[in-house]
Amino acid sequence: MKSILKITVLLFSIFFVLNTNAQQIPLKYFLQTEASPEGEIQYGNNAKAGHYVQVDDAKIYYEVYGKGKPFVILHGGGYGSIYEMHQFIDKLTKNYQVIAISTRGHGKSEIGKTPVTYEQRANDAMAVINAVTKDSVSILGFSDGAYTAYKIACLYPNRVKKMVAIGAGEQVPALRQVILDTKVAFSLDEKYWKQQLALMPEPEKLQEYWHNLEHFYNTMRADKALFNSIKCPVLVMSGERDMNAPLATIIATYQMIPNAQLAIIPKAPHPVFLVNFPAVWENIVPFLNEN
């Protein structure tokens, strides 16, 4: 934990480097495309399921699918989108009412003007939750979305039943150096980002927002004070080779959460569910089925 982990992007560059087949799969594979199969749900851009809620200085976009107990989905940061979580939504919609939220500055959600904090992200999510239900919810979050889930459980303990946190471990300043550059991102897949920018209400502010996001990620803290405060059952999950949340930080997080279970997927990188969704889902199902 003493060495600085340099990360040029939060999500998909790690996937490209570590997955031997990834060079054949461009970024746009994970978002809606012109070549999408007929009838495929356009998660993150679905007018039939989409809604907005005003939270302080920003409109937050979300989509609702299915019926049953409410289940919140929180995607990753930087390159993240509702669509990257499509496999989870497909599975969970069979038994739950799924609430998939676009984080500020992602997809159709506005950026706002206030500094990025996890309190802000948690309050954004709670505004969406309250717009849909007054019930307590289960939450599945990935990376940035998992840290948001931790914060929701800390601030609103009576509103969270269970949590699945993927790729989000103990974090202190100087553990890593996150760099987000739109030129680098756009060069990875021009069509993907053309689509993303078309969804964004403020695309001209993306690089400025990413600079603010860089500062936030590089100075954030997720430690004992946060993890000890979480009372709901938590499944802490990670890929064994997660460069964004190294294995030692994941194990430390598992040990600090009072009611936690641990699942490590062998040989998988940060976006573990995009590499080996069957293994991820097989670990989640028994956790959700426990009383």
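A.B. asks: Quick rundown of the side chain of Asp-242? Include the residues and the values.
C.D. replies: With respect to the helices and strands, the residue Asp-242 is situated in the loop between strand S9 (234-239) and helix H9 (247-256). Given the relative accessible area of 4%, Asp-242 is considered buried. A polar atom in the side chain of Asp-242 sits 2.8 Å from the backbone nitrogen of Ala-245. Asp-242 has contacts with Gly-167, Ala-268, Pro-269 and His-270, leaving out every residue within four places of it along the chain.

A.B. asks: An account of a nonpolar patch on the surface is needed here, citing residue identities and associated values.
C.D. replies: Together, Ile-251, Tyr-254 and Leu-262 make up a nonpolar patch on the protein surface, roughly 210 Å² of accessible area in all. Judged by its relative accessible area of 34%, Leu-262 falls in the partly exposed class.

A.B. asks: Tell me about the pairing of strand S4 (residues 69-74), residues and numbers included.
C.D. replies: Counted residue by residue, S4 has five buried out of six residues, so it is predominantly covered. By the bridge criterion, six bridges tie S4 to strand S5 (residues 96-101) in an arrangement that is parallel. The partner of Leu-74 across the bridge, within S5, is Ile-101. In terms of handedness, the path from S4 via helix H2 (residues 86-92) over to S5 forms a crossover that is right-handed. Bridge analysis of S4 against strand S6 (residues 137-142) gives four bridges, and the strand direction is parallel. From the neighbouring strand, Ile-73 faces S6, where its bridge partner is Leu-140.

A.B. asks: With reference to specific residues and values, describe the nonpolar core.
C.D. replies: Across soluble globular proteins, you tend to see nonpolar side chains buried next to one another. By size, the foremost hydrophobic cluster in this structure holds 56 residues, and its most contacted members are Ile-101, Tyr-150, Met-163, Trp-210, Ile-230 and Val-234. The residues contacting Ile-230, other than those within four sequence positions of it, are Tyr-150, Ala-153, Met-163, Ile-257 and Pro-258. The next biggest cluster of nonpolar side chains, apart from the first, holds 33 residues, and it includes Ile-73, Phe-88, Trp-281 and Leu-288.

A.B. asks: Provide a residue-level description of the environment of Glu-208, including the pertinent values.
C.D. replies: Secondary-structure assignment places Glu-208 in helix H7 (residues 206-219). A residue is classified by how much of its surface remains accessible, and Glu-208, at 53% relative accessible area, is exposed. Separated by 27 residues in sequence, Glu-208 and Asp-181 have C-alpha atoms that sit 9.9 Å apart.

A.B. asks: A description of the environment of Trp-193 should follow, citing residues and the corresponding values.
C.D. replies: Locating Trp-193 in the fold gives a position in helix H6 (residues 190-199). In this structure, the C-alpha to C-alpha distance between Trp-193 and Thr-182, residues eleven residues apart in sequence, is 9.2 Å.

A.B. asks: So, unusual backbone geometry: which residues are in play, and what are the values?
C.D. replies: Positive phi is not limited to glycine here, since Asp-56 has a value of about 55°. Positive phi is not limited to glycine here, since Lys-267 has a value of about 65°. Tracing the sequence through the fold places Lys-267 in the loop between strand S10 (260-265) and helix H10 (272-275). By relative accessible area, Lys-267 is classed as exposed at 60%.

A.B. asks: So, the sheet that holds strand S3 (residues 58-65): which residues are in play, and what are the values?
C.D. replies: Across the sheet, which stays open at both edges, the eight strands sit in the order S2-S3-S5-S4-S6-S7-S9-S10 with mixed pairing between neighbours. Edge positions in the sheet fall to strand S2 (50-55) and S10, since each of these pairs with one other strand and no more. Put simply, the sheet's adjacent strands are angled 20° from each other on average, direction ignored. Seen against the sheet, helix H4 (residues 144-155) touches S4, S6, strand S7 (160-166) and S9 and runs at an angle of roughly 155° to S7.

The rules behind the values
Residues numbered from 1 in each chain as written. Predicted model: local features only at pLDDT ≥ 70, side-chain atom pairs only at ≥ 80, totals over all residues. Heavy atoms only, no water. Helix = DSSP H or I, 4+ residues; strand = E, 2+ residues; numbered from the N terminus. Buried < 20%, exposed > 50% of the residue type's maximum accessible area, 1.4 Å probe, protein only. Polar contact = N/O pair within 3.5 Å; in protein donor to acceptor, adjacent residues only side chain to side chain. Contact = heavy atoms within 4.5 Å. Patch = residues over 30% accessible without salt bridge, like charges linked within 9 Å, V, L, I, M, F, W, Y side chains within 5 Å. Areas by Shrake-Rupley, 256 points an atom, 1.4 Å probe, with all protein chains shown as cover. Salt bridge = Lys/Arg side-chain N within 4 Å of Asp/Glu carboxyl O. Pairing = 2+ DSSP bridges. Right-handed = clockwise from strand over helix to strand, strands pointing away. Core = buried A, V, L, I, M, F, W, Y, C linked by side-chain atoms within 4.5 Å. Axes fitted to C-alpha atoms, helices over the stretch in contact; angles between N-to-C directions.

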